[in-house]
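# Coordinate inspection notes
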Amino acid sequence: MKMYIGGEWIDGDSTMDVLNPYDGSVVDTVPRGTPADVDAALASAVRGAEAMRDLTGFERYQILHRAADLIVENQEDLARTITMEEGKIIAEARIEAERAAEIIYLSAEEAKRLYGEVIPVDGGPGVTGKFGFTVRVPCGVVACISPFNFPLHLVCHKVGPALAAGNAAVLKPASDTPLVALKFTELLLEAGAPPESIQCVTGSGAVIGDVLVSDPRVRKISFTGSRDIGERICHQAGIKKVTMELGSNAPVVILPDADLDKVAAALPTTAYSNAGQVCISAQRVLVSNDIYGDVLDALMPAVEGFTTGNPLDESTKLGPMIRQSDAERVSSWVSEAQDNGATLLTGGGLDGQMHQATLLTDVKPEMKISCDEVFGPAMGITKVDTVDQAIAIANDTNYGLSASIFTQDLDSAMQYIQQVESGNIHINWGTQWRVDLMPYGGLKDSGYGKEGPKYAVEEMTETKMVVIHQ
């Protein structure tokens, strides 16, 4: 496939292969973008931002609504593309494609809701004959940098609100998974987006990332990825608006009065979907000592049901990880935990990029598999005596993206809500849950700013204060 810059589909001086994580086959090739390509994309995006700013809110709504319709029409092709380049099972890829349409529909609606407000300036001492109000205007050019694990869903969470707000978007998809982003770009153009309102530059972030984020023509950056790369971007960005969606090691607390049927239904799904490559995967499970054995008995059958195999096979429950090095890293963390006293209850097997769904018990909070981000199909269980101890362990991390608790006690639930340092908190479900209209973002090193079209549009606009002097 070609990348899209300056209103044209273009080749590069060199190409890079997009590999199928399951069998290593080449799915397609894409251009290896250069700093000169980024410069051309930004020059075009400046013109694209002018074109977007001239559209009415209703016109932006129409474009995005048509784009969402096209996603629906092409859902199966998009889902198969996601599976082939990212490795998630086809059932999960179909859900991602379905949600992508929902994100763009939501973004379309937000194009009609760029509200300002009346400011009662006469509330200031001695002020008469003045009328104040605010208007919201687009930032201009938005750099949208997306990760591999949700190569369509998270692209839509960035590009949809950017266009809804009247900006132009320069999209840099993950180098492992650029194909579905390019197909989405095609659908936007087919829907009537101005030719220079969207750019899609493929290539290595190490080569073109700094050039993109440091350029003053970019007025807003929306990034999802690792904490370390997020910090680098913030250092490079200069004076511009930035949204950071970074890592996590999400805690789950299970108290003695928990409904174990809910636990068994929620935890395996929220730990092992997408081979655990989700920033809000259930990772650290803090279980009351009173029900420790009962929880293990409840979880085992469901965890063992996550069979590995070809992700395009409808019967497969767990696909490959994106790279063999990542699968080997997870395996080494599991082995390290065992060497330090953890017990492997099930899983742990590694075959190339395929890592089994793994459940460890007797995990100590200081073990790497607990205190760092696994980002793979491994879940560790730790005993706790009280809810206070569980909350202390849950907060003993630099991260704070998602957390959950299973309890029937309202007081315990409220204590958890008030004291746990997390941007998303779930009661009686796992940590991996999100609908696309809600504000989504983390605390501490998990980043700042919010996604969700309504909230992203707010962050992709500027507020002007207007005072009329009579």
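These figures come from a predicted structure and were not determined experimentally.

## Considerations on the overall build of the protein chain
When its secondary structure is counted, the protein chain shows 15 helices and 22 strands. Reported as C-alpha extents along the three principal axes, the dimensions of the protein chain are approximately 70 × 65 × 40 Å. Evaluated residue by residue, the protein chain yields a buried proportion of 55% over its 470 residues. Taken as a whole, the protein chain presents about 18200 Å² of accessible surface, with 51% of it coming from carbon and sulfur.

## Quick look at a nonpolar patch on the surface
Taken together, the side chains of Leu 410, Met 414, Ile 417 and Ile 427 present a nonpolar region at the surface, about 340 Å² in accessible area. Broken down by element, the residue count for the nonpolar patch peaks at three residues, all from helix H14 (residues 410–419). Structurally, the position occupied by Ile 427 is in strand S20 (residues 424–427).

## Regarding the packing of helix H2 (residues 57–73) against helix H5 (residues 153–164)
Where H2 contacts H5, the axes come no closer than 9 Å and their chain directions differ by 155°. In terms of their interaxial angle, H2 and H5 are classed as roughly antiparallel. Here Arg 60, Leu 64 and Ile 71 of H2 come into contact with H5, specifically with Cys 156, Gly 160, Leu 163 and Ala 164. Broken down by class, the residue content of the contact of H2 with H5 amounts to five nonpolar, one polar and one charged.

## Examining the packing of H2 against helix H4 (residues 90–110)
Following both chains from N to C, one finds H2 and H4 inclined at 170°, their axes separated by 8 Å at the closest point. Our classification of the angle between H2 and H4 gives roughly antiparallel. Note on element contacts: H4 touches H2 through Ala 97, Ala 100, Ala 101, Ile 104, Tyr 105, Ser 107, Ala 108 and Glu 109, opposite Tyr 61, Leu 64, His 65, Ala 67, Ala 68, Asp 69, Ile 71 and Val 72. Considered class by class, the residues forming the contact of H2 with H4 number 12 nonpolar, two polar and two charged.

## Some words on the pattern of salt bridges
In this structure the tally under the stated criterion is 22 salt bridges. A salt bridge links Glu 314 to Arg 94; the nearest nitrogen and oxygen atoms lie 2.9 Å apart. Here Arg 94 lies in helix H4 and Glu 314 lies in the loop between helix H10 (292–304) and helix H11 (324–339), a separation of 220 residues in the sequence. With a relative accessible area of 24%, Arg 94 lands in the partly exposed category.

## Quick notes on the nonpolar core
In terms of nonpolar packing, the biggest core is built from 49 residues, with Ile 71, Leu 152, Val 159, Phe 184 and Leu 188 touching the most fellow members. Not counting residues up to four positions away in its chain, the partners in contact with Leu 152 are Leu 78, Ile 82, Glu 96, Ala 97, Ala 100, Val 180 and Phe 184. Grouped together as the second largest cluster of nonpolar side chains are 39 residues, Tyr 272, Val 303, Trp 333 and Met 367 included.

## Here's the deal with the environment of Arg 99
For Arg 99, the location among the structural elements is in helix H4. When the C-alpha atoms of Arg 99 and His 153 are compared, they prove to be 6.7 Å apart, with 54 residues separating the residues in sequence. If we skip the residues at most four places from it in the chain, Arg 99 touches His 153, Arg 434 and Asp 436. In terms of polar contacts, Arg 99 uses its side chain to reach the side chain of His 153, at 3.0 Å. Here the side chain of Arg 99 touches Arg 434 through a polar contact of 3.3 Å, landing on its backbone oxygen.

## Brief notes about the side chain of Asn 167
Residue position: Asn 167 is located in the loop between H5 and strand S8 (168–172). For Asn 167, a relative accessible area of 0% gives the class buried. Separated by 2.8 Å, the side chain of Asn 167 and the backbone nitrogen of Cys 139 make a polar contact. Among the polar contacts listed, one links the side chain of Asn 167 to the backbone oxygen of Met 460, at a separation of 3.0 Å. Aside from chain neighbours lying at most four places away, what touches Asn 167 is Met 52, Pro 138, Cys 139, Gly 140, Val 142, Ala 162 and Met 460.

Rules used in this analysis
- Residues numbered from 1 in each chain as written.
- Predicted model: local features only at pLDDT ≥ 70, side-chain atom pairs only at ≥ 80, totals over all residues.
- Heavy atoms only, no water.
- Helix = DSSP H or I, 4+ residues; strand = E, 2+ residues; numbered from the N terminus.
- Buried < 20%, exposed > 50% of the residue type's maximum accessible area, 1.4 Å probe, protein only.
- Areas by Shrake-Rupley, 256 points an atom, 1.4 Å probe, with all protein chains shown as cover.
- Patch = residues over 30% accessible without salt bridge, like charges linked within 9 Å, V, L, I, M, F, W, Y side chains within 5 Å.
- Salt bridge = Lys/Arg side-chain N within 4 Å of Asp/Glu carboxyl O.
- Axes fitted to C-alpha atoms, helices over the stretch in contact; angles between N-to-C directions.
- Parallel < 35°, antiparallel > 145°, perpendicular 65-115°, else oblique.
- Contact = heavy atoms within 4.5 Å.
- Nonpolar A, V, L, I, M, F, W, Y, C, P; charged D, E, K, R; others polar.
- Core = buried A, V, L, I, M, F, W, Y, C linked by side-chain atoms within 4.5 Å.
- Polar contact = N/O pair within 3.5 Å; in protein donor to acceptor, adjacent residues only side chain to side chain.

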